[in-house]
Amino acid sequence: MFSKTERTVYRQNPLAEVICQLRFPTILAIGAKDPVDFQDAIRDVFPQYQRRADRLPVKVTPVPGQPPKVEEPKPVTNHQFMTADGSYRVNLTQDFISLTCAKYDRWETFARMMDKALASFIEIYHPAYFQRVGLRYLNAISRRDLDLEGTPWRELLEPQYLGLLGADNLEERTFARCTQDVEMGLPGGCRMKLHVGPGLLKRGQDASDKEVKLIFDLDVSLSGNLPVKLSAAGMKTVHANAGQIFRDAITETLHDAMDPED
């Protein structure tokens, strides 16, 4: 697994969403007042603004001989800054900054958008370091869109990523559900969380689509007290690992159907 291959850009990539998130020690100033200076710094690229209140999980503390103590933390304000067409969104809270893309084409474009937001954030808020750098690729592989209807999943993904669904002697139509969830370490100090299996995509414009797609949901992260000046290097490391895993997982049939650039 994870043999070294050249990076590939696909003209018909199956990405439904890409998210890069950097977590940092809580900065109370972000929650205490609106991020006016931050908005001014990125408004030329992210002109739209919304806010929402994110509810945190209820904290339950056991108390000997008494009912457990239940605490409901205060909601955290999540500031959202979007491009005019809504295809890119920056989220900023007192604990993290992230960039979400719904129309991903290539890493260079995504990285430039992230650099814009991240550089402004660092200049204004001066985080001490980053505790986690994460990159999530949500792929929804459609056989219909790739003219592969009738092709079994086992001919599109390598069998080790499909579990029993990859077996030659089992019919795909007999499965009601077959998914695989993996967490493991990767080169460069990264970690991977991976979910693979057929399912419906329940988000965005495809939320009403009833086609069963193959969901390949990959999250690669780098944790530890990463110096701010190494944040770009951290993003490159998780990106390199993510690309390697996806290329390792797909067969040549799927590779060719997604129309790789020369």
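Residues numbered from 1 in each chain as written. Predicted model: local features only at pLDDT ≥ 70, side-chain atom pairs only at ≥ 80, totals over all residues. Heavy atoms only, no water.

You'll find the protein entered in an unreviewed UniProt entry as TIGR04255 family protein, with Candidatus Avoscillospira stercorigallinarum given as the organism.

Draft legend 1. Fine view of the side chain of S98. Within the secondary structure layout, S98 lies in strand β7 (residues 96-101). Look at S98 and you get buried, because its relative accessible area is 5%. Setting aside residues no more than four positions away along its own chain, S98 makes contact with I19, C20, Q21, R89, V90 and N91. (Helix = DSSP H or I, 4+ residues; strand = E, 2+ residues; numbered from the N terminus. Buried < 20%, exposed > 50% of the residue type's maximum accessible area, 1.4 Å probe, protein only. Contact = heavy atoms within 4.5 Å.)

Draft legend 2. Highlighting the pattern of salt bridges. Tallied over the entire structure, the rule returns 15 salt bridges. Notably, a salt bridge pairs E261 with R106, separated by 2.8 Å at the nearest N-O pair. Separated by 155 residues along the polypeptide, E261 in the segment after α5 (252-257) and R106 in the loop between β7 and α3 (107-125) bring together distant segments of the chain. In this structure E261 comes out as partly exposed when scored by relative accessible area, which is 32%. Of the residues examined, R106 reaches a relative accessible area of 28% and is grouped as partly exposed. The salt bridge involving R143 is made with E172; its shortest N-O contact spans 2.9 Å. (Salt bridge = Lys/Arg side-chain N within 4 Å of Asp/Glu carboxyl O.)

Draft legend 3. Fine view of a nonpolar patch on the surface. A cluster of nonpolar side chains, contributed by V58, V60 and V70, occupies part of the molecular surface with about 270 Å² of accessible area. Among the secondary structure elements, V58 is positioned in the loop between β2 (48-54) and β3 (59-63). For V58, a relative accessible area of 46% translates into the label partly exposed. (Patch = residues over 30% accessible without salt bridge, like charges linked within 9 Å, V, L, I, M, F, W, Y side chains within 5 Å. Areas by Shrake-Rupley, 256 points an atom, 1.4 Å probe, with all protein chains shown as cover.)

Draft legend 4. Main features of the nonpolar core. If you look at the biggest cluster of nonpolar residues, it comprises 64 residues, and the most contacted ones within it are F38, I97, F110, F121, L157 and F216. Per element, the largest residue contribution to this core is 9 residues, and it comes from α3. Not counting the four nearest positions on each side in its chain, L157 is found in contact with I141, L162, V196, L214, F216, A249, I250, T251 and L254. Core analysis: the next-biggest nonpolar cluster, separate from the first, contains 5 residues, L138, A140, L201 and I215 among them. (Core = buried A, V, L, I, M, F, W, Y, C linked by side-chain atoms within 4.5 Å.)

Draft legend 5. Region of the structure containing the sheet that holds strand β6 (residues 88-92). In space, the 9 strands of this open sheet follow the order β2-β5-β6-β7-β1-β8-β11-β10-β9, with antiparallel pairing throughout. Each of the sheet's edge strands pairs with one partner strand only, and the pair in question is β2 and β9 (180-185). When the angles between neighbouring strand axes are averaged without regard to direction, this sheet yields 15°. Packed onto the sheet, α3 meets β1 (15-23), β6, β7 and β8 (130-141) and runs at close to 155° relative to β7. Along the sheet, helix α4 (residues 231-249) contacts β1, β8, β10 (190-199) and β11 (213-226); its crossing angle with β11, the most-contacted strand, is approximately 150°. (Pairing = 2+ DSSP bridges. Axes fitted to C-alpha atoms, helices over the stretch in contact; angles between N-to-C directions.)

Draft legend 6. Representation of the packing of α3 against α4 in the model. As a packed pair, α3 and α4 sit with axes 11 Å apart at the nearest point and diverge in direction by 150°. Classed by the angle they form, the pair α3 and α4 counts as roughly antiparallel. Every pair of crossing elements has a handedness; the one defined by α3 and α4 is right-handed. Where α3 approaches α4, its residues W107, M114, D115, L118 and I122 are matched on the opposing element by S231, M235 and H239. Here the residues of the contact of α3 with α4 are counted per class, giving 5 nonpolar, 2 polar and 1 charged. (Parallel < 35°, antiparallel > 145°, perpendicular 65-115°, else oblique. Left-handed = near helix turned anticlockwise from the far one by under 90°. Nonpolar A, V, L, I, M, F, W, Y, C, P; charged D, E, K, R; others polar.)

Draft legend 7. A look at the packing of aromatic side chains. Considering all chains together, one arrives at 10 aromatic pairs under this definition. Between Y49 and F81, the aromatic rings sit 5.3 Å apart at their centres with planes inclined by 45°, giving tilted as the arrangement. Here the residue Y49 occupies a position in strand β2, and F81 occupies one in strand β5 (residues 76-82), the gap between them amounting to 32 residues. A relative accessible area of 1% places F81 in the buried class. Between Y88 and F110 the ring centres are 6.4 Å apart and the planes differ by 40°, which places this aromatic pair in the tilted class. Placement of Y88 in strand β6 and of F110 in helix α3 is noted, with a sequence separation of 22 residues between them. By the ring-pair criterion, three or more aromatic residues cluster together here, those being Y88, Y104, W107, F110 and Y137. (Phe/Tyr/Trp six-rings, centres within 6.5 Å; stacked < 30°, edge-to-face > 60°.)

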